[in-house]
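# Examining the three-dimensional arrangement
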Amino acid sequence: MPFHLADASPFTHQFLEGPYARVPKELACAFTASFLVSPLVSIIDKAIVQEIAGISQLMRTMGEASKEMVMKPKQFLNGLSFRLTFLVYFGTYATANLSEAALDFYKVRAEETRKLYKVSAASGANIGLLAWRDSVFAREFSGPGTVKRATPAGTIAGFAVRDCATMAATFYFAPKATEYLVVEQDVNRHLAEIGCSLSIPVFSQFITAPVHIAALDVYNRPDATTTERMTQIKKEFGKVCFARGLRILPAFGIGSFSNNKFRELTIRQPNEELLLTRRITRRITQLNEKIRGRRTAAVEATNAAK
């Protein structure tokens, strides 16, 4: 799937650079894409934790964090929520990029084999890093009166199950739905890929939101009964489902697209006209030609006037 972490085809980019030139660029692309996606995701995820913990309302927390991002960017970027979220997505995109680079270096051409390695590596990095980050979020942004302690295994397991379900929706069900739309319904492949790669993970939040709420509630209220947990899930389901669906758009849309687009712009490939340096050179040449044309026209007009 183009511009998606699930894309592992050896024919999508056909990058030509060796490891010493390519690896730093792969890391730089992952860094830049992570910087773009992390602000919004960190705002939403922190707001969800504080909503479930009873510290603040979801929309109020999101509004305050958004205001801080605009009015006090240095303070926002130094905040724990942004820094941890950045590490999660940098780790995810860097793993995806480097695994694809390794497959190219070792000349692995079978698409299904490439997809297996790349998706496994990226999913493992994302699930592990998110479980670690959210365990820190639960501890640092816990409810009033909650004693900070080590994150219980039940909470970490809940986070892992949640993210496994999201990865399954993204890397298995979305491609299956795409093929169905293309083959059975004659939908344009590009539209089907974009639609399914965004909508299927969003819809999966109807399943994962209760798991997420329960996992955080296990930390906030370790002695709560099953009935009390079900009441908490019913209370928070709508808001959490909406917010987690909203965060899919930057995480799987902006992040994945920009990561691949930066790679296309910076890493040498057969079609070098796509490279950013070539585009800049071409644009400068066009501007110079336009300036020379205007000067020539001005000189001719002056000579004609004489």
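Keep in mind that what you see is a predicted model, and the values were worked out from it rather than measured.

This paragraph deals with the overall build of the protein chain. The helix and strand inventory of the protein chain stands at 10 helices and 0 strands. The order of helices and strands in the protein chain, counted from the N terminus, is α-α-α-α-α-α-α-α-α-α. The buried share of the protein chain, taken over its 306 residues, is 44%. Considering only residue pairs separated by 6 or more positions, the protein chain has 79% of its internal contacts joining residues 24 or more positions apart.

Before going further, it helps to examine the packing of helix α4 (residues 80-105) against helix α9 (residues 226-266). Between α4 and α9, the least distance of the axes is 11 Å, while the angle of their chain directions is 40 degrees. It follows from the interaxial angle that α4 and α9 lie oblique. Between α4 and α9 lies a crossing of right-handed hand. Counting all contacts with α4, which are made through Tyr-89, Tyr-93, Asn-97 and Glu-100, the residues of α9 involved are Arg-247, Ala-251, Gly-255, Ser-256, Asn-259 and Arg-263. Taken together, the residues of the contact of α4 with α9 sort by class into 3 nonpolar, 4 polar and 3 charged.

Turning our eyes to something else, we now look at the packing of helix α8 (residues 205-220) against α9. The relative placement of two packed helices comes down to the angle between their axes together with the axis-to-axis distance. With their axes 7 Å apart at the nearest point, α8 and α9 run at an angle of 125 degrees to one another. Taken together, the axis directions place α8 and α9 in an arrangement best described as oblique. With respect to the hand of their crossing, α8 and α9 are arranged in right-handed fashion. Note on element contacts: α9 touches α8 through Arg-229, Gln-232, Ile-233, Glu-236, Phe-237, Val-240, Cys-241, Arg-244, Gly-245 and Ile-248, opposite Gln-205, Phe-206, Thr-208, Ala-209, Pro-210, His-212, Ile-213, Ala-214, Asp-217 and Val-218. Residues of the contact of α8 with α9, tallied by class, amount to 11 nonpolar, 5 polar and 4 charged.

With that settled, the discussion passes to the environment of Phe-82. Tracing the chain through its elements places Phe-82 in helix α4. On the basis of relative accessible area, Phe-82 is assigned to the buried category, the value being 5%. Setting aside anything within four residues of it in sequence, one finds Phe-82 in contact with Phe-35, Ser-38, Pro-39, Ser-42, Phe-76 and Leu-77.

On to helix α6 (residues 153-184), then. Between the first and last C-alpha of α6 there are 44 Å, a value that for 32 residues agrees with the 46 Å anticipated at 1.5 Å per step. The principal kink in α6, of about 35 degrees, is found at Phe-173, preceding the proline Pro-175 by one to four residues.

To continue, consider the packing of aromatic side chains. Enumeration over the complete set of coordinates arrives at 10 aromatic pairs. Seen from their ring centres, Phe-31 and Phe-90 are 6.3 Å apart, and the 75 degrees between their planes marks the pair as edge-to-face. Here the residue Phe-31 occupies a position in helix α1 (residues 19-53), and Phe-90 occupies one in helix α4, the gap between them amounting to 59 residues. Since its relative accessible area comes to 44%, Phe-31 is described here as partly exposed. On the numbers, 6.0 Å between centres and 40 degrees between planes, the contact of Tyr-89 with Tyr-93 is tilted. Remark: Tyr-93 and Tyr-89 occur in helix α4; sequence separation between them is 4 residues, near one turn of the helix. Both residues of the pair, Tyr-89 and Tyr-93, count as buried. Aromatic rings pair up to connect Phe-31, Phe-35, Phe-76, Phe-82, Phe-86 and Phe-90 into one cluster.

Time to look at unusual backbone geometry. We note that Lys-107 has phi near 55 degrees; this positive angle belongs to a residue other than glycine. Positionally, Lys-107 belongs in the loop between α4 and α5 (111-140). With a phi close to 55 degrees, Asp-186 is a non-glycine residue in the positive phi region. With respect to the helices and strands, Asp-186 occurs in the loop between α6 and α7 (189-203).

Another aspect to go through is the environment of Ile-254. Residue placement: Ile-254 occurs in helix α9. On a C-alpha basis, the gap between Ile-254 and Ala-33 in space is 7.9 Å, while along the polypeptide they are 221 residues apart.

Glancing now at the side chain of Thr-208. Note that Thr-208 resides in helix α8. Apart from residues no more than four positions distant in its own chain, Thr-208 is found in contact with Arg-162, Ala-165, Thr-166 and Arg-244.

Next up on the list: the nonpolar core. Counting residues in hydrophobic clusters, the biggest one holds 28 residues, and the most contacted among them are Ile-48, Ile-52, Leu-58, Met-62, Leu-216 and Val-240. Secondary-structure elements contributing two or more residues to this core are α1, α2 (58-71), α4, α5, α8 and α9. Per-element tally for this core: the top contributor is α1, with 6 residues. With sequence-adjacent residues up to four places away left out, Met-62 is seen in contact with Ile-43, Ile-44, Ala-47 and Leu-246. In this structure, Val-37, Val-41, Tyr-89 and Phe-252 belong to the second largest nonpolar core, which totals 16 residues.

About the thresholds
Residues numbered from 1 in each chain as written. Predicted model: local features only at pLDDT ≥ 70, side-chain atom pairs only at ≥ 80, totals over all residues. Heavy atoms only, no water. Helix = DSSP H or I, 4+ residues; strand = E, 2+ residues; numbered from the N terminus. Buried < 20%, exposed > 50% of the residue type's maximum accessible area, 1.4 Å probe, protein only. Contact = heavy atoms within 4.5 Å. Axes fitted to C-alpha atoms, helices over the stretch in contact; angles between N-to-C directions. Parallel < 35°, antiparallel > 145°, perpendicular 65-115°, else oblique. Left-handed = near helix turned anticlockwise from the far one by under 90°. Nonpolar A, V, L, I, M, F, W, Y, C, P; charged D, E, K, R; others polar. Expected span 1.5 Å × (residues − 1). Bend = angle between axes of the 7 residues up to and from the residue. Phe/Tyr/Trp six-rings, centres within 6.5 Å; stacked < 30°, edge-to-face > 60°. Core = buried A, V, L, I, M, F, W, Y, C linked by side-chain atoms within 4.5 Å.

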